[in-house]
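# Working through the structure, step by step
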Amino acid sequence: MVQPEDLMKFGMIPEFIGRLPVIATLNELNENSLIRILKEPRNALIKQFKKLFDMEGVNLRITDSAVAAIAREALKRKSGARGLRAIIENCLIDIMYELPSMEDVRECVIGEEVILNHESPILLYEQNKMSA
């Protein structure tokens, strides 16, 4: 009984709806599904952000609790998989602008508190070797 208009109201784009040869029921994504979307695909969001940080010579580490917090936030916002990028970008935007001007940053650790409380990420610095 589902019509293409119903799917558009649900938030699907017309390009996707047009590619469905038949109407099929879709289950709502749960937290585990969103976590898999963040981590597993070849071009997963976390892999994309790690690559961006690698370009600055910084290792990005996102804890498992932070990944779960991102998924829970998407569920809370009812944004599904589409909202995952916005949640991550919102938390990382400041550090992404600051990193190029920072020196000796080796690693950026994103914990659950960065996602939930908008705290600053933990930055690990490389020790300068003093020559005698």
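Residues numbered from 1 in each chain as written. Predicted model: local features only at pLDDT ≥ 70, side-chain atom pairs only at ≥ 80, totals over all residues. Heavy atoms only, no water.

## Notes on the side chain of Glu107
- Within the secondary structure layout, Glu107 lies in strand S2 (residues 105–110).
- In terms of polar contacts, Glu107 uses its side chain to reach the side chain of Asn59, at 3.1 Å.
- Among the polar contacts made by the side chain of Glu107, one reaches the side chain of Arg61 at a distance of 2.9 Å. (Helix = DSSP H or I, 4+ residues; strand = E, 2+ residues; numbered from the N terminus. Polar contact = N/O pair within 3.5 Å; in protein donor to acceptor, adjacent residues only side chain to side chain.)

## Some details on the layout of surface pockets
- Roughly 630 Å³ of internal volume is contained in the largest pocket.
- If you go around the largest pocket, you meet 17 residues; those closest to its centre are Phe10, Leu29, Ser79, Gly80 and Ala81.
- Considering only residue class, the lining of the largest pocket consists of 10 nonpolar, four polar and three charged.
- In terms of residue count, the dominant contributor to the lining of the second largest pocket is helix H6 (residues 84–98) (five residues).
- Along the lines of polarity and charge, the residues of the lining of the second largest pocket split into five nonpolar, three polar and three charged. (1 Å grid on protein atoms, 1.4 Å probe; cavity = no way out; pocket = protein on both sides within 12 Å on 5 of 7 lines; lining within 4 Å. Points joined across faces, edges and corners; volume = space filled by probe spheres on them. Nonpolar A, V, L, I, M, F, W, Y, C, P; charged D, E, K, R; others polar.)

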